[in-house]
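# Per-entry structural report
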Amino acid sequence: MKYLFTTLAVGESYLNTATKFYSDLESKTSQCDFNITTNVKLDPTGRINFDYFTLDRYDDGDAGFSFFLNLKALSLKYALDKGYDYVIFTDADWGTTDGFSEEKILSLFEYIEEKNIDALFERPNEIGYNKEHINECYFKEK
């Protein structure tokens, strides 16, 4: 089974965090690849690919949260036509927990196949409540 972890990391701080996260995952996995789509030119290291892109702007210039979130699709675009059975998108500021294991990921893939599921996502906060109370929602800009 061939699978990929991919993320978008714009700027040095996100790139550093994503690289640390994927390096940690690389040491705990054997069956996957990693991609970081970034605006910093870097050469691949180990199983981590750096997919370079550049734009004149990455946000709308307004105060507060104004990043162009649709840019995250670039990290998924990288995976097209590369033969991956599964693609896992992560935010660039994620990390691993002590309980992480590749066996759990592979078990999830088995479950997905058994249930004929096309896509899954995780949201660490209830969407329903926040739709009704948008001013209290930490992801209202997303």
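I will try to describe carefully the structure that is included in this document. It should be emphasised that the depicted structure is a prediction, and the values quoted were computed from it without experimental measurement.

Here is what the cut-offs are and how they apply
Residues numbered from 1 in each chain as written. Predicted model: local features only at pLDDT ≥ 70, side-chain atom pairs only at ≥ 80, totals over all residues. Heavy atoms only, no water. Helix = DSSP H or I, 4+ residues; strand = E, 2+ residues; numbered from the N terminus. Buried < 20%, exposed > 50% of the residue type's maximum accessible area, 1.4 Å probe, protein only. Contact = heavy atoms within 4.5 Å. Lys, Arg positive; Asp, Glu negative; His and termini not counted. Charge placed at Lys NZ, Arg CZ, Asp CG, Glu CD. Core = buried A, V, L, I, M, F, W, Y, C linked by side-chain atoms within 4.5 Å. Expected span 1.5 Å × (residues − 1). Arc of directions from axis to C-beta. Pairing = 2+ DSSP bridges. Axes fitted to C-alpha atoms, helices over the stretch in contact; angles between N-to-C directions.

Bringing the overall build of the chain into the picture now. Across its full length, the chain carries four helices and four strands. Counted from the first residue to the last, the chain has its helices and strands arranged as β-α-β-β-α-β-α-α. The burial tally for the chain puts 32% of its 142 residues in the buried class. A fraction of 58% describes how many contacts in the chain between residues 6 or more apart in sequence connect residues 24 or more apart. For the chain, the separation between the mean place of its 15 positive charges and that of its 26 negative charges on side chains is 2 Å.

Take the nonpolar core next. Among the nonpolar cores identified, the biggest contains 21 residues, and Y3, F5, Y22, F34, I36 and F109 are the most heavily contacted of them. Those elements giving two or more residues to this core turn out to be β1 (3–9), α1 (12–28), β2 (32–38), β3 (48–52), β4 (86–89) and α3 (102–114). Here this core takes five residues from α1, the largest share from any one element.

Even without being glycine, D81 reaches a positive phi, approximately 60 degrees. If you trace the backbone, D81 turns up in the loop between α2 (73–79) and β4. Residue class for D81 comes out exposed when judged on its relative accessible area of 84%. One non-glycine residue with positive phi stands out, namely N116, at about 55 degrees. You can see N116 is positioned in the loop between α3 and α4 (127–132).

Further remarks concern α1. Every α-helix carries 3.6 residues per turn, so stepping three or four residues along brings you back to the same face. Between its first and last C-alpha atoms α1 spans 24 Å; for 17 residues at 1.5 Å apiece the expected length is 24 Å, and the two agree. Those residues of α1 lying buried are L15, A18, F21, Y22 and L25. All buried residues of α1 lie within an arc of 135 degrees about the axis, which places them on one face of the element. Relative to its buried face, α1 has exposed residues pointing more than 90 degrees away, namely S13, K20 and S27.

This paragraph deals with the sheet that holds β3. Ordered by their spatial adjacency, four strands build an open sheet running β3-β2-β1-β4, and the pairing between neighbours is parallel. Looking at strand neighbours, the two that pair on one side only are β3 and β4, the edges of this open sheet. Averaged over all pairs of adjacent strands, the angle between their axes in this sheet comes to 25 degrees, without regard to strand direction. Where α1 meets the sheet, its contacts fall on β1, β2 and β3, and the angle it forms with β2 comes to roughly 175 degrees.

On to the pairing of β4, then. Residues Y86 and I88 point to one face of β4 and are all buried, whereas V87 and F89, pointing to the other face, are not buried. Here β1 runs beside β4; their pairing, made up of four bridges, is parallel. If you follow T6 over to β4, its bridge partner there is F89.

Okay, the side chain of S66 next. Along the polypeptide, S66 turns up in the loop between β3 and α2. Relative accessible area serves as the criterion here: at 10%, S66 is assigned to the buried category. Discounting chain neighbours no more than four positions away, the residues touching S66 are Y58, D59, D60 and G61.

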